[in-house]
Amino acid sequence: MKLILGISGASGAPYAQRAMSFLAGPGRAAGIETDVVFTKTARVVWQHEIGTNPADLGLRIWPAGDMTAPFASGSSQYDAMLVIPCSAGAMARIAHGISADLLGRAADVMLKERRPLVLVLRETPFSLIHLRNMEAVTMAGGIVMPAAPSFYSRPKTIEALLDTVVARAFDRVGIANELVRRWTGLTEPNEPSRKNEDGDD
Ligand SMILES: Cc1cc2nc3c(=O)[nH]c(=O)nc-3n(C[C@H](O)[C@H](O)[C@H](O)COP(=O)(O)O)c2cc1C
């Protein structure tokens, strides 16, 4: 699998760091080839929120303005693109086909080639403009999933909480992972949380 990992300037660089670590380790071992592109602001946010050099994670990182990258062309046949985190601004540019930087161009290519594009949007609250851009991306075939962590796997660390988002994003582009404990239902029908739901003991 050939994957493009886009990282934009929304809060949530740790999501991108978790995704990069997985893709450089178990992902690579499973045959996933990853190309990374940061927007200019994504680097600023990463420095503020994490402070390390993302290149140390060992994935190939392309400059934001390098339109000669292979995945700037549909002929390069990448399988999927994940943008995590996705800023409202990046989503707006993608929704309107504005290929002003490599991330925008790569996303535009994925939509025109009808290949999976997943945007892990991080903004709150949403304006009508955001909602309309979500609709436009969805109508064009993309998937917009807000960075909304879940708690039913009872995450004990920030990393485990981040993984509740990263795992679902990986699921959507077809990357097999065991980052979270999957929901299999409550263990027993007579668990305390189910008792009395029919009004009897
Ligand atoms: C520390 C920091 C946190 C930010 N968090 C968000 C955010 O959560 N969501 C968002 O849409 N924009 C956020 N922004 C604003 C974006 O960085 C800004 O709109 C920028 O133009 C996005 O550029 P990009 O889409 O090219 O990465 C944040 C900016 C900074 C400096």
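In what follows, the structure referred to is the one given above.
Quick summary incoming for the structure in this document. (Residues numbered from 1 in each chain as written. Predicted model: local features only at pLDDT ≥ 70, side-chain atom pairs only at ≥ 80, totals over all residues. Heavy atoms only, no water.)

By the element assignment, Ser 153 lies in the loop between strand S6 (143-146) and helix H6 (158-173). For Ser 153, a relative accessible area of 15% translates into the label buried. Apart from the residues within four sequence positions on either side, Ser 153 is in contact with Thr 164 and Arg 181. (Helix = DSSP H or I, 4+ residues; strand = E, 2+ residues; numbered from the N terminus. Buried < 20%, exposed > 50% of the residue type's maximum accessible area, 1.4 Å probe, protein only. Contact = heavy atoms within 4.5 Å.)

It is worth spelling out the sheet that holds S6 at this point. Picture the strands of a sheet paired through backbone hydrogen bonds; they go either parallel or antiparallel. Spatially, the six strands line up as an open sheet ordered S3-S2-S1-S4-S5-S6, and their pairing is parallel. Pairing within the sheet leaves two strands with one partner each, and these edge strands are strand S3 (60-62) and S6. Here the strands of the sheet are splayed against their neighbours by 20 degrees on average, with no regard to which way each runs. Relative to strand S5 (residues 117-121), strand S4 (residues 80-86) runs parallel, the two sharing four bridges. Bridging across to S5, Leu 82 finds its partner in Val 118. Packing against the sheet, helix H2 (residues 40-49) makes contact with strand S1 (2-7), strand S2 (33-38) and S3, and its axis sits at approximately 90 degrees to S2. (Pairing = 2+ DSSP bridges. Axes fitted to C-alpha atoms, helices over the stretch in contact; angles between N-to-C directions.)

This next bit is on the packing of aromatic side chains. Evaluated as defined, the whole model comprises five aromatic pairs. Between Phe 38 and Trp 46, the ring centres sit 5.5 Å apart and the planes meet at 65 degrees, which makes this aromatic pair edge-to-face. Taken together, a centroid distance of 6.0 Å and an interplanar angle of 90 degrees make the contact between Trp 62 and Phe 71 edge-to-face. On the accessibility criterion, Phe 71 (1% relative accessible area) is buried. One aromatic cluster is present, built from ring pairs that chain together Trp 62, Phe 71 and Tyr 78. In this structure, Lys 2 packs its charged tip against the face of Tyr 78, placed 4.5 Å from the ring centre. The lysine or arginine in question, Arg 43, covers the ring of Phe 38, its NZ or CZ lying 4.8 Å from the ring centre. (Phe/Tyr/Trp six-rings, centres within 6.5 Å; stacked < 30°, edge-to-face > 60°. Lys NZ or Arg CZ within 6 Å of the ring centre and 35° of its normal.)

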